[in-house]
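In case you want the letters, here they are:
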Amino acid sequence: MGAIAVREESFGDLLRSWRQRRRVSQLDLAIEAEVSARHISFLETGRARPSREMVMKLAEELEVPLRHRNRLLVAAGFAPVYPEREVRAPEMEVVRQALDKILAGHEPYPAVVVDAAWNLVAANAAAGMFMEGVPAELLKEPINVMRLSLHPEAMGGRLLNLAEVRAHLLHQLRRQAEMSADGRLAELHDELASYTYPGVDLNVAHVPGPADILVPLRIAAGDRVLSMFTTIATFGTPVDVTVSELAIETFWPNDEETAAAFRQPASFFA
């Protein structure tokens, strides 16, 4: 039996896919890239070949993630230009130092660093609260922060406003999967969406009140309720695939009671 031929990725197909994913017409892309719509059409059908500079420009205009820009370059016949280093690599020392400073500086409140699939890369000591009482199975490497957030035996079983937080996180994951073409995120979304929570009405929608600013995380911690909101930061102008996919999520107290609880070293869920 003969070997099955594997079809190489076509630059034109990839370009069309990203253009459609961004909901951009050939004409709009042509205007932004300062070429003719006919040229974009020829690139997508394979009737014209792009220069390396054109590949880079089109990828920039379409906000293609660095990992996929390398794929576009290879499909067009060029070598990839964006390196992908391990976080622990010697060349990443300056990045690790920056992450360590951010994590330590956010104490006594939790902060975590995640990769593109929401796997935990680093965390400060305060983030240990999210691991308390969690089954060992969920703490095997790689630890997934989204899974910890919604799993019924982790934070999902402690969130007092589970329905609204779940809806927000699932929407965020679905949107990220669509924008990044990352199949891992689509699979993670489907897994999290399948979780069941007996006795919890997941269709309850929170209607913001006059005093609402953000959707908080309201977590039951013994006889206390911890109320937090989060911010997410990324590195500006990265040219390394790994660095471009890192995100720093910091958790902030939403009230003085929560702030005071974080200043106390006792276990949250004892």
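Everything here concerns the structure above.
Let me begin by describing the structure that accompanies this report.

### Some points on the side chain of Arg 69
Point 1. Here Arg 69 lies in helix α5 (residues 66-75).
Point 2. Residue contacts for Arg 69: discarding those within four places in its chain leaves Ala 59, Glu 60, Glu 63, Val 64 and Tyr 82.

### Considerations on α5
Point 1. Taken as a whole, α5 has its buried residues at Leu 66, His 68, Arg 69, Asn 70, Leu 72 and Leu 73.
Point 2. Looking at the buried positions of α5, the neighbouring elements they touch are α1 (11-21), α4 (52-61), α8 (162-180) and α10 (241-244).
Point 3. A positive phi of about 95 degrees marks Gly 77, the residue just after α5.

### Quick notes on unusual backbone geometry
Point 1. A cis geometry characterises the amide bond from Glu 107 onward to Pro 108, with omega recorded as 10 degrees.
Point 2. The topology assignment puts Pro 108 in the loop between α6 (93-105) and β1 (111-114).
Point 3. Along the chain, Glu 141 connects to Pro 142 via a cis peptide bond; the corresponding omega equals -5 degrees.
Point 4. By secondary structure assignment, the location of Pro 142 is in the loop between β2 (120-123) and α7 (145-150).
Point 5. Positive phi is not limited to glycine here, since Arg 23 has a value of about 55 degrees.
Point 6. Secondary-structure assignment places Arg 23 in the loop between α1 and α2 (26-33).
Point 7. The class for Arg 23 is exposed, based on a relative accessible area of 66%.
Point 8. Even without being glycine, Ala 181 reaches a positive phi, approximately 60 degrees.
Point 9. With respect to the helices and strands, Ala 181 occurs in the loop between α8 and α9 (183-193).
Point 10. Judged by relative accessible area, which is 30%, Ala 181 ranks as partly exposed.

### Some thoughts on the environment of Leu 15
Point 1. You can see Leu 15 is positioned in helix α1.
Point 2. Along the backbone, Leu 15 and Leu 169 are 154 residues apart, and their C-alpha atoms lie at a distance of 29 Å.
Point 3. When residues no more than four places from it in sequence are discounted, the contact partners of Leu 15 are Leu 29, Leu 43, Glu 44, Leu 58, Leu 62 and Leu 72.

### Details of the pairing of β1
Point 1. Here β1 shows a buried face lined by Ala 111 and Val 113 and a second buried face lined by Val 112 and Val 114.
Point 2. In this sheet, strand β5 (residues 247-253) lies alongside β1 in antiparallel orientation, the contact comprising four bridges. The residue of β5 that forms the bridge with Val 113 is Ile 248.
Point 3. Of the strand pairs in this sheet, β1 and β2 are connected by three bridges, and their pairing is antiparallel. Paired with Val 112 across the bridge in β2 is Ala 123.
Point 4. Where β1 folds back onto β2 in an antiparallel hairpin, the turn is made up of five residues, including Trp 118, whose phi is positive at roughly 65 degrees.

### A few points about the sheet that holds β2
Point 1. Read across the sheet, five strands follow the order β2-β1-β5-β4-β3 without closing on themselves; strand pairing throughout is antiparallel. Edge positions in the open sheet fall to β2 and β3 (217-221), since each of these has one partner strand only. Going from strand to strand, the sheet's axes swing by 30 degrees on average, the running direction of each strand aside.
Point 2. As paired strands, β3 and strand β4 (residues 224-233) are joined by five bridges and run antiparallel to one another. Bridging across to β4, Ile 219 finds its partner in Leu 226.
Point 3. Against the sheet, α6 contacts β1, β2 and β5, and its axis sits at roughly 150 degrees relative to β1.

### Observations regarding the packing of α8 against α9
Point 1. Following both chains from N to C, one finds α8 and α9 inclined at 160 degrees, their axes separated by 8 Å at the closest point. On the basis of the axis angle, α8 is roughly antiparallel to α9. Crossing of α8 over α9 shows left-handed handedness. For the pair formed by α8 and α9, the contact residues are Arg 166, Leu 170, Leu 173, Arg 174, Gln 176, Ala 177 and Ser 180 on the first element and Leu 185, Ala 186, Leu 188, His 189, Leu 192 and Ala 193 on the second.
Point 2. In terms of residue class, the contact of α8 with α9 is built from eight nonpolar, three polar and two charged.

Reading the values: rules and limits
- Residues numbered from 1 in each chain as written.
- Predicted model: local features only at pLDDT ≥ 70, side-chain atom pairs only at ≥ 80, totals over all residues.
- Heavy atoms only, no water.
- Helix = DSSP H or I, 4+ residues; strand = E, 2+ residues; numbered from the N terminus.
- Contact = heavy atoms within 4.5 Å.
- Buried < 20%, exposed > 50% of the residue type's maximum accessible area, 1.4 Å probe, protein only.
- Pairing = 2+ DSSP bridges.
- Axes fitted to C-alpha atoms, helices over the stretch in contact; angles between N-to-C directions.
- Parallel < 35°, antiparallel > 145°, perpendicular 65-115°, else oblique.
- Left-handed = near helix turned anticlockwise from the far one by under 90°.
- Nonpolar A, V, L, I, M, F, W, Y, C, P; charged D, E, K, R; others polar.

By themselves, these observations are geometric and do not establish any function.
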